[in-house]
Protein chains: 2
Amino acid sequence: MTSVEEPARPGERERVRDAARTRAEILDVATQEFARAGYDGARVDEIAARTRTTKRMIYYYFGGKEQLFTAVLERAYGVIREAEQQLDVEHLDPVAAIRRLAEVTFDHHEQHPDFIRLVSIENIHEAHHIAASEKLGRIGSPALDVIRRILEEGRRSGLFTADVDAVDLHAMISSFCFFRVSNRHTFGALFGRDLVDPAQRAHYRTMLGDMVIAYLTAERAAD
Amino acid sequence: MTSVEEPARPGERERVRDAARTRAEILDVATQEFARAGYDGARVDEIAARTRTTKRMIYYYFGGKEQLFTAVLERAYGVIREAEQQLDVEHLDPVAAIRRLAEVTFDHHEQHPDFIRLVSIENIHEAHHIAASEKLGRIGSPALDVIRRILEEGRRSGLFTADVDAVDLHAMISSFCFFRVSNRHTFGALFGRDLVDPAQRAHYRTMLGDMVIAYLTAERAAD
DNA sequence: TCACTAATGTACGAACTAGTACGTTAGCTA
DNA sequence: TAGCTAACGTACTAGTTCGTACATTAGTGA
């Protein structure tokens, strides 16, 4: 996350009034609060209290709780987009490239549990905020283009037997990474196993790669 | 779900006061309301209004909103347990048995979106209600025992190369089934593809089976 | 340095919401 | 059939929560 207690970058002396900083600070705190308690569980007063500013400013900059949540989502998706754009796997052979992609996805999910929670919350609300957002509708994902190119190359070179769709493969990889974080608590409570146990991290990371590669390289009966 | 507008089974004349029926009716409506709006979004008054009885009765039978939600979860998990106990795959060969198990899991998730939503909601609350419930702590899953036996048999007969843990395989299968339903809305909004589109049902069902079998039968480098 | 406006703070209100005090009655049993 | 109690309804309250009216000031450009 950006900028909570940002200590006046050198050269810029700390102004008392700074729209950009105030806005960013509200977004930071709101992200935490929404992720912690869900949309309805989150309290506007609580967000304001944990900010250097007041509730008045939330309404001044964002208009309301609903729009604030939308802004939080927009920024959170922006972060993951940026990460995916850094993806540099084109120099690898298709098998290694897919494995690398899966690992990067795995790592990103693990490192951003708040993002996972926000997405879960948005699904409870049937993605109404995304639908209402101009920035987020049909935004897609940079990772998808990468997957498309790797699959193409893998198919051409005969390494991948399956005629797999890029969106489907993305769903397959995401589901494993997402579930591991999103359902950590119920899974742990029911089965007594912490899916996010650091000691098991490498194990699950490998398992995901093995699964995806096995699927892509397996012989399959014709449909 | 059970018993909303249950029309006085023959022989039992409809009593005005019927504790069991009232309790069940509250649970039915509460399940819908909690699944619809989340724990904090759900309104006790709304649940009461959609019942033949009043809010007073919710407190009379369950004690409070929190306990009502716990009761809803307990019943929802009870339903899936029952379904899993019906599982009869021991007569199949390991590959067919695993595929069948995956399909049953797939079907159950698809048929119970409310259950998926409740589990998502409970994860937002870090499984506090499950932890507080005597019925649900470490409840496990009948499917797990089945998986254990199939894996054992598959390993013994040399069909499965991998030394896979039953809980891990359960997580793998669940993650795909769960994500497809739980993240349907954000995935659809972002990628323009409905993972629960009936026309794609068979496709994803096959994909899951292929994935799991590929993983279990693939050759793997030693750790 | 003056005036203008973007940015900010205070105080309050209307509506909602979980929970309860108190009174009533259906249906069973002795 | 009388009486007892589990089951039920009404009406209310205390506390919360989103949102806003109104007043104020820091910073900037003329």
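Residues numbered from 1 in each chain as written. Chains lettered and ligands numbered in written order. Predicted model: local features only at pLDDT ≥ 70, side-chain atom pairs only at ≥ 80, totals over all residues. Heavy atoms only, no water.

**Q** Explain the side chain of Ser182 of chain B to me, please; I cannot follow it from the model alone.
**A** Inspection of the secondary structure puts Ser182 of chain B in helix 9 (residues 166–182). Using a relative accessible area of 11% as the deciding quantity, one classes Ser182 of chain B as buried. Within the structure, Ser182 of chain B has its side chain in polar contact with the side chain of Asn183 of chain B (distance 2.8 Å). Residues within four places of Ser182 of chain B in sequence aside, it is in contact with Asn123 of chain A together with Ile116 and Ser120 of chain B. (Helix = DSSP H or I, 4+ residues; strand = E, 2+ residues; numbered from the N terminus. Buried < 20%, exposed > 50% of the residue type's maximum accessible area, 1.4 Å probe, protein only. Polar contact = N/O pair within 3.5 Å; in protein donor to acceptor, adjacent residues only side chain to side chain. Contact = heavy atoms within 4.5 Å.)

**Q** Quick question: what am I supposed to make of the protein's contact with DNA strand D here?
**A** Near DNA strand D lie 23 residues; those nearest to it are Arg17, Arg43 and Lys55 of chain A together with Thr53 and Tyr61 of chain B. Taken together, the sugar and phosphate atoms account for 55% of what DNA strand D places within 4 Å of the protein. Side-chain polar atom of Arg43 of chain A to a phosphate oxygen of DNA strand D: 2.7 Å apart, as the coordinates give it. Residue Thr54 of chain B places a main-chain N or O atom 3.3 Å away from a phosphate oxygen belonging to DNA strand D. Residue assignment for the surface near DNA strand D shows that the elements contributing at least two residues are helix 2 (44–49) and helix 3 (55–62) of chain A together with helix 1 (19–41) and helix 3 (55–62) of chain B. No other element matches the 4 residues that helix 3 of chain B contributes to the surface near DNA strand D. In terms of residue class, the surface near DNA strand D is built from 8 nonpolar, 4 polar and 11 charged. (Near = heavy atom within 4 Å. Nonpolar A, V, L, I, M, F, W, Y, C, P; charged D, E, K, R; others polar.)

**Q** Just to check I follow, could you spell out the pattern of salt bridges for this structure?
**A** Side-chain pairs of opposite charge can arise whenever the charged atoms involved come near each other. Residue and element names in this part refer to chain B. In total, this model carries 45 salt bridges over all chains according to the counting rule given. Close ionic contact of Lys135 with Glu74 constitutes a salt bridge, the shortest N to O distance being 3.9 Å. Remark: Glu74 occurs in helix 4 (residues 65–85) and Lys135 occurs in the loop between helix 7 (128–132) and helix 8 (142–156); sequence separation between them is 61 residues. On the basis of relative accessible area, Lys135 is assigned to the exposed category, the value being 60%. Put simply, Asp210 and Arg99 hold a salt bridge, and the shortest N to O gap is 2.8 Å. (Salt bridge = Lys/Arg side-chain N within 4 Å of Asp/Glu carboxyl O.)

**Q** Sorry if this is basic, but what is going on with the environment of Ala96 of chain B here?
**A** Here Ala96 of chain B is to be found in helix 5 (residues 94–111). C-alpha of Ala96 of chain B to C-alpha of Ile150 of chain B: the two residues are 54 residues apart in sequence and 9.8 Å apart in space.

**Q** Any chance you could explain the relation of the copies chain B and chain A here in plain terms?
**A** The second copy of the chain is related to the first by a rotation about an axis and a shift along the axis. For the pair chain B and chain A, the best superposition has an RMSD of 0.0 Å and corresponds to a rotation of 180° with a translation of 0.0 Å parallel to the axis. Considering both components of the superposition, the chain copies are consistent with a two-fold axis. Both copies present the same face, since 100% of the interface residues in chain B are matched by interface residues at the equivalent positions in chain A. (Least-squares fit on C-alpha atoms with pLDDT ≥ 70 in both.)

**Q** Teacher, can you tell me more about the UniProt feature "domain: HTH tetR-type" (unreviewed entry) in chain A here?
**A** As annotated in UniProt, the feature "domain: HTH tetR-type" (unreviewed entry) corresponds to residues 20–80 of chain A in the numbering used here. For residues 20–80 of chain A, the end-to-end C-alpha separation is 22 Å, with 85% helix and 0% strand making up the annotated structure. (UniProt positions renumbered as here; feature names shortened; annotations may be inferred.)

**Q** Is there a simple way to think about unusual backbone geometry in this case?
**A** Glycine aside, a negative phi is what most residues show, and trans is what most peptide bonds show. Residues and elements named next belong to chain A. A positive phi angle, near 55°, is found at Glu126, a position not held by glycine. Relative accessible area serves as the criterion here: at 38%, Glu126 is assigned to the partly exposed category. A positive phi angle, close to 50°, is found at Arg138, a residue other than glycine. Structurally, Arg138 is set in the loop between helix 7 (128–132) and helix 8 (142–156).

**Q** Where do I start with the protein's contact with DNA strand C in this structure?
**A** Taken together, 23 residues form the shell around DNA strand C, and within it Thr53 and Tyr61 of chain A together with Arg17, Arg43 and Lys55 of chain B come nearest. Asp18 of chain A is positioned with one of its backbone polar atoms (N or O) 3.4 Å from a phosphate oxygen of DNA strand C. Taking Lys65 of chain B, its main chain carries an N or O atom lying 3.1 Å from a phosphate oxygen of DNA strand C. Counting only elements with at least two residues in the surface near DNA strand C, the list comes to helix 1 (19–41) and helix 3 of chain A together with helix 2 (44–49) and helix 3 of chain B. Ranked by the residues each element gives to the surface near DNA strand C, the list is headed by helix 3 of chain A, at 4 residues.

**Q** What is the right way to look at the domain arrangement of chain A in this model?
**A** Often, the extent of an interface is quoted as the loss of accessible area on bringing the components together. Residue and element names in this part refer to chain A. Examined at the domain level, chain A breaks down into domain 1 (1–63) and domain 2 (77–217). Between the C-alpha centres of domain 1 and domain 2 the distance comes to 30 Å. Domain 1 puts 8 residues into the contact, and the matching count from domain 2 is 6 residues. When domain 1 packs against domain 2, close to 580 Å² is buried across both sides, 66% of that on carbon and sulfur atoms. If you look at where domain 1 meets domain 2, you find 3 residue pairs in polar contact (both at pLDDT 80 or more). Residue classes in the side of domain 1 that touches domain 2 are distributed as 3 nonpolar, 3 polar and 2 charged. (Domains from an automatic or database assignment. Buried area = accessible area lost by both parts, 1.4 Å probe.)

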